[in-house]
Amino acid sequence: MNRDFASRQELAAYLSAEFPLAAARDPQLSPMRGGAQAARVRLEAIDPAKYGFNRNYLDGSVSRLSPYIRHGLLTLGEAREAAFARVKDRFHAAKFVTELAWRDYWQRLYATLGSGVWQDREPSKTGLAPEAYRADLPADIAQGRTGLACIDSFVTELRATGYLHNHARMWFAAYVVHFRRVRWQAGALFFLSHLLDGDPASNNLSWQWVASTFAHKPYFFNRENLEKYTGGTHCRACPARGRCDFEGSYEQLEDRLFRIKLT
Amino acid sequence: MTPLLWLHPDCLSLSSPAWVRYPGAPALFVFDEAEIEAEQWTLKRIAFLYETLLELPCEIERGSVVERLLARRPARIVTVGSVNPRFRDAVRQLERAVPVEVLPAVPFVDYRGTLDLKRFARYWKRVEPILFDS
Ligand SMILES: Cc1cc2nc3c(=O)[nH]c(=O)nc-3n(C[C@H](O)[C@H](O)[C@H](O)COP(=O)(O)OP(=O)(O)OC[C@H]3O[C@@H](n4cnc5c(N)ncnc54)[C@H](O)[C@@H]3O)c2cc1C
């Protein structure tokens, strides 16, 4: 295939012609660029100490290294060394290194499970029968037209950039699986389709963790939680403000979503 | 006898063990159309890999990984290990036709023994001291 391109547009046009099915699914290119050069820039920008206390916030100091790590441009070891070099005491990089280890953990599981990562690891803990979940992703979700400002904005961002913050991935997955009762596999495939770091191990096993087929209980959230970690940006402008699916206490949502008492 | 370096989506770095061992060897990356369709990749995923490959001294093709590699009639193939089942299948198929050397990827944790992977907490109990020690 060609190696000479005068511009990124030219590359995009060439790839659209060579991979028409992929382009038909979504022709956008991400602002995040591939290549060792881009990986190095990201690595130099990491702030593991800040990460330790703000990583759950959407505007927190997350590294955005995942596409580079996923494709071997950087090893987990290199990321760890860079983090240690950035702090006075290794302890200050502990949270960051723990997250790197999550990837290693999923990869080790992948070695034993293979394509089994597409199957439930354990029965779900929601009290609902497998038939309660629909098999395909509803179109309003895939197109970012649910009417929920947060969910729609996550979809728009995912489609445009191929990246989502970890917390947004968790909320989105919980919305798909628990609030809309869709099989986790449909959501996982949607993510693999778009994520630059898309990896069947980290992705599918995280979906299973949310779904509770690889966890002791399902992961879900309420609006208060989302509002806190997003600074309220989505909720403020949301057409469903005050009456959205996520309103209520955890106890109320638990009653609404599941068939068993979790707490 | 110069081997053919097989690049795949898990090892796209010049400091990957295959290049370190065989600097200057011809290298080939094949966009696996079966994988792209199975995972429904959108164009941005392909473009990200493509931009990465443009910085590497390699040739790029698309189609069936095994077919494209064997079409080069290599005397042998060298690559870096991956736990992806597609990679493992491809290695098995290639080995029927040509010697394949799979170099281990650089491990994150050099743990000797079997790790309990039932839950992250069990794994973490074993690896945490190693990660913060070395
Ligand atoms: C539903 C869902 C799907 C996911 N799908 C993927 C996926 O396909 N590929 C993927 O790499 N990650 C996936 N993750 C994990 C995590 O969300 C991303 O790795 C992380 O958000 C990437 O952003 P970052 O590079 O800024 O991460 P940072 O928080 O800066 O972390 C640094 C690095 O550690 C690793 N890492 C961090 N958190 C995790 C985690 N929970 N699991 C595994 N590795 C982690 C990544 O390599 C990441 O680049 C998923 C999580 C969820 C909840």
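Residues numbered from 1 in each chain as written. Chains lettered and ligands numbered in written order. Predicted model: local features only at pLDDT ≥ 70, side-chain atom pairs only at ≥ 80, totals over all residues. Heavy atoms only, no water.

(A) Looking closely at the interface of chain B and chain A. Listed as interface residues are 51 residues of chain B and, on the opposing side, 72 residues of chain A. Taken over both partners, the interface formed by chain B and chain A buries close to 5300 Å², and the fraction arising from carbon and sulfur atoms is 59%. Ranking the residues of chain B by area buried against chain A places B:Leu43, B:Lys44 and B:Phe108 at the top, with a combined share of 15%. Residue A:Glu18 pairs with B:Arg62 through a salt bridge whose shortest N-O separation is 2.8 Å. The tally of links from chain B across to chain A stands at 37 residue pairs in polar contact (both at pLDDT 80 or more). (Contact = heavy atoms within 4.5 Å. Buried area = accessible area lost by both parts, 1.4 Å probe. Salt bridge = Lys/Arg side-chain N within 4 Å of Asp/Glu carboxyl O. Polar contact = N/O pair within 3.5 Å; in protein donor to acceptor, adjacent residues only side chain to side chain.)

(B) Fine view of the pairing of strand 5 (residues 100-103) of chain B. Residue and element names in this part refer to chain B. In this sheet, strand 5 lies alongside strand 4 (residues 77-80) in parallel orientation, the contact comprising 4 bridges. Following the sheet pairing, Val 78 is matched in strand 5 by Glu 101. In terms of handedness, the path from strand 4 via helix 5 (residues 85-95) over to strand 5 forms a crossover that is right-handed. (Pairing = 2+ DSSP bridges. Helix = DSSP H or I, 4+ residues; strand = E, 2+ residues; numbered from the N terminus. Right-handed = clockwise from strand over helix to strand, strands pointing away.)

(C) Structural view of the domain arrangement of chain B. What the domain assignment reports for chain B is domain 1 (4-103) and domain 2 (109-134). The straight-line distance from the C-alpha centre of domain 1 of chain B to that of domain 2 of chain B is 30 Å. (Domains from an automatic or database assignment.)

(D) Inspection of the domain arrangement of chain A at higher detail. All names here are of chain A. For chain A, the assigned domains are domain 1 (31-114) and domain 2 (130-257). Using only C-alpha atoms to locate each centre, domain 1 and domain 2 end up separated by 23 Å. If you look at the interface, domain 1 gives 19 residues, while domain 2 gives 25 residues. Across the contact surface, domain 1 and domain 2 share 2 salt bridges. Between Asp 199 and Arg 70 there is a salt bridge, with its nearest N and O atoms 3.5 Å apart. Our count for the domain 1 to domain 2 interface comes out at 8 residue pairs in polar contact (both at pLDDT 80 or more). Of all elements in the fold, only helix 5 (66-70) and helix 7 (94-113) reach the threshold of two or more residues within the side of domain 1 that touches domain 2. When residues in the side of domain 1 that touches domain 2 are grouped by element, the largest group, 7 residues, is from helix 7.

(E) Molecular detail of the packing of helix 7 of chain A against helix 6 (residues 120-133) of chain B. Interhelical geometry of helix 7 of chain A versus helix 6 of chain B gives an angle of 125 degrees and a closest axis separation of 10 Å. The orientation of helix 7 of chain A relative to helix 6 of chain B falls into the category oblique. Judged by the twist between their axes, the crossing of helix 7 of chain A over helix 6 of chain B is right-handed. Residue-level contacts link A:Ala94, A:Val97, A:Thr98, A:Ala101, A:Trp102, A:Asp104, A:Tyr105 and A:Arg108 of helix 7 of chain A to B:Phe120, B:Tyr123, B:Trp124, B:Leu131 and B:Phe132 of helix 6 of chain B. (Axes fitted to C-alpha atoms, helices over the stretch in contact; angles between N-to-C directions. Parallel < 35°, antiparallel > 145°, perpendicular 65-115°, else oblique. Left-handed = near helix turned anticlockwise from the far one by under 90°.)

(F) Expanded view of the site of the ligand. Residue and element names in this part refer to chain A. Neighbouring the ligand are 28 residues, the closest being Tyr 51, Ser 63, Arg 64, Tyr 163 and Asn 166. Asn 166 places a side-chain nitrogen or oxygen 2.7 Å from an oxygen atom of the ligand. With the chains in place, 97% of the 820 Å² that the ligand exposes on its own is no longer accessible. Those elements that provide at least two residues to the shell around the ligand are helix 5, helix 7, helix 10 (166-179) and helix 12 (200-211). Top contributing element to the shell around the ligand by residue count: helix 7, with 6 residues. Looking at side-chain class alone, the shell around the ligand contains 15 nonpolar, 7 polar and 6 charged residues. There are two domains that each give the shell around the ligand at least three residues, and those are domain 1 (31-114) and domain 2 (130-257). (Near = heavy atom within 4 Å. Areas by Shrake-Rupley, 256 points an atom, 1.4 Å probe, with all protein chains shown as cover. Nonpolar A, V, L, I, M, F, W, Y, C, P; charged D, E, K, R; others polar.)

(G) Examining helix 13 (residues 223-230) of chain A more closely. Residue and element names in this part refer to chain A. Residues of helix 13 that are buried include every one of Asn 225, Leu 226, Tyr 229 and Thr 230, and no others. Burial along helix 13 is one-sided: seen end-on, the buried residues are contained in an arc of 115 degrees. Buried residues in helix 13 make contact with helix 9 (149-161), helix 10, helix 14 (233-236) and helix 15 (250-257). Once helix 13 ends, the next one or two residues include Gly 231, with phi positive near 65 degrees. (Buried < 20%, exposed > 50% of the residue type's maximum accessible area, 1.4 Å probe, protein only. Arc of directions from axis to C-beta.)

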